[in-house]
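# Analysis of the macromolecular model
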Amino acid sequence: MFFKAKHIPNLLTIIRILFVPIIVTLTLVPSYQIIYHLTIYQATYTIYLNYFVAGILFLVACLTDALDGYLARRNKWISDFGKLWDPIADKILINSVLICFAFQKSTFVWMPIIMIGRDVIVDALRMYASSQKKVIPANLFGKLKTIFQMLAIIVIFFGFNSSDTTKYLNYYLCQNGLMYLALITSVVSGIIYFTRWYRKDQ
């Protein structure tokens, strides 16, 4: 049989990548159908059908990320494909949505720029270290960064997606509070990667 159980993690990774264009399209299309209104501190947020469906798909994609990692570790189904494409799939999924949010002003433009810039620099450092047969291990802040990014995106999809920056408490705290945590952990993990690379390169 061509397909075996050990291929399940890789299949989940591929599915996660295939979800990206659907989620991006749903996020960017004009919003018409309203699902519900959410009012906090006299500020009303309107949740549209396309955002709601995109949020469901994004949540499913996040679950496939957790599941493929769990299955690969538990059953030792670790493959070269998984080691390469699993982190790439995460970055494509998260960064694509962050760019969409920045374009729609659901979050600050400079936040995705910094986080995506961090990813590019860290990946370059890891590739360079690999070419020198050195390994820069992942760190806790890198994992926290991914978790906070996913949570922040889910919050915006399902609860807060206003582009009105005059709603200070809601826009800066509720809507983008987790995004700040994602940004902080992203920068800290990037500094740790750079420090470890520098020490190994000496």
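Now for a description of the structure that goes with this document. Please read all numbers here as calculations on a predicted model, not as lab measurements. (Residues numbered from 1 in each chain as written. Predicted model: local features only at pLDDT ≥ 70, side-chain atom pairs only at ≥ 80, totals over all residues. Heavy atoms only, no water.)

### Observations regarding the overall build of the protein
The cut-off we apply is this: Helical segments are the DSSP runs of H or I of at least four residues, strand segments are the runs of E of at least two, and each set is numbered from the N terminus. Our radius of gyration is a C-alpha quantity, and the globule rule it is checked against amounts to 2.2 Å times the number of residues to the power 0.38. Using a 1.4 Å probe on the protein chains alone, a residue whose accessible area is under 20% of its type maximum counts as buried, one over 50% counts as exposed, and one in between counts as partly exposed. Contact criterion: two residues are considered in contact whenever any of their non-hydrogen atoms come within 4.5 Å of each other. Note on areas: these come from Shrake-Rupley sampling with a 1.4 Å probe, and a residue is covered only by the protein chains present in the view. Charge assignment: positive for Lys and Arg, negative for Asp and Glu; neither His nor the chain ends contribute. The location of each charge is read from NZ of Lys, CZ of Arg, CG of Asp or CD of Glu.
The secondary structure content of the protein amounts to seven helices and two strands. Secondary structure elements of the protein occur, N-terminal to C-terminal, as α-β-β-α-α-α-α-α-α. Scaling as 2.2 N^0.38, a compact globule of 202 residues should have a C-alpha radius of gyration of about 17 Å, and the protein matches this with 18 Å. Per-residue burial over the protein gives 41% buried out of 202 residues. Taking the contacts inside the protein whose residues are at least 6 apart along the sequence as the reference set, 78% of them involve residues at least 24 apart. Total accessible area on the protein is roughly 11400 Å²; 70% of this is exposed by carbon and sulfur atoms. Positive and negative charge centroids in the protein, built from 19 and 9 side chains respectively, lie 7 Å apart.

### With respect to helix α5 (residues 140-158)
Worth spelling out the cut-off: Expected helix span is taken as 1.5 Å per residue step, with the number of steps being one fewer than the number of residues. Between N or O atoms, a polar contact is any pair within 3.5 Å; within protein, one atom must be a potential hydrogen donor and the other a potential acceptor, and residues adjacent in sequence are included only when both atoms are from side chains.
If you check α5, its first and last C-alpha atoms are 27 Å apart, about what 19 residues at 1.5 Å a residue would give, namely 27 Å. Along α5, the positions that sit buried rather than exposed are Gly142, Lys145, Thr146, Phe148, Gln149, Met150, Ala152, Ile153, Ile154, Ile156, Phe157 and Phe158. The residue sitting at the N-terminus of α5 and contributing the capping side-chain oxygen is Asn139; that oxygen lies 3.1 Å from the backbone nitrogen of Phe141.

### Side note on the packing of helix α1 (residues 8-28) against helix α2 (residues 49-75)
Inclusion rule: Here an axis means a line fitted to C-alpha atoms, over the contact stretch when the element is a helix, while the angle between two N-to-C directions is reported on a 0 to 180 degree scale. When an angle is under 35 degrees it counts as roughly parallel; over 145 it counts as roughly antiparallel; between 65 and 115 it counts as roughly perpendicular; any other value is oblique. It is the rotation of the near helix from the far one that decides the hand of a crossing: anticlockwise by less than a right angle makes it left-handed, clockwise makes it right-handed. Gly is placed with the polar residues, together with every amino acid not listed as nonpolar (Ala, Val, Leu, Ile, Met, Phe, Trp, Tyr, Cys and Pro) or charged (Asp, Glu, Lys and Arg).
Look at α1 against α2: their axes get within 9 Å of each other, and the N-to-C directions meet at 165°. By the angle between their directions, the pair α1 and α2 is classed as roughly antiparallel. Between α1 and α2 lies a crossing whose hand is left-handed. Partitioned by chemical class, the residues of the contact of α1 with α2 number 17 nonpolar, four polar and three charged.

### Overview of the pattern of salt bridges
The following threshold applies: Here a salt bridge means any side-chain nitrogen of Lys or Arg lying within 4 Å of a carboxyl oxygen belonging to Asp or Glu.
Counted by the stated rule, this structure contains six salt bridges. Here Arg16 ties to Asp65 by a salt bridge, and the two come within 3.6 Å at their closest N and O atoms. Here the residue Arg16 occupies a position in helix α1, and Asp65 occupies one in helix α2, the gap between them amounting to 49 residues. Residue class for Asp65 comes out buried when judged on its relative accessible area of 15%.

### Some words on the nonpolar core
Short version of the rule: Nonpolar cores are built from buried Ala, Val, Leu, Ile, Met, Phe, Trp, Tyr and Cys residues. Side-chain atoms within 4.5 Å join them into one set.
Judged by nonpolar contacts, the single largest core of 29 residues is most densely connected at Ile23, Phe58, Ile153 and Phe157. Going through the elements one at a time, α1, α2, α3 (80-103), α4 (110-131), α5 and α7 (177-201) are the ones with two or more residues in this core. It is α5 that provides the largest number of residues to this core, a total of eight residues. Contacts of Ile153, omitting those with residues within four sequence positions, involve Phe58, Ile94, Val97, Leu98 and Phe101.

By themselves these figures say nothing about function.
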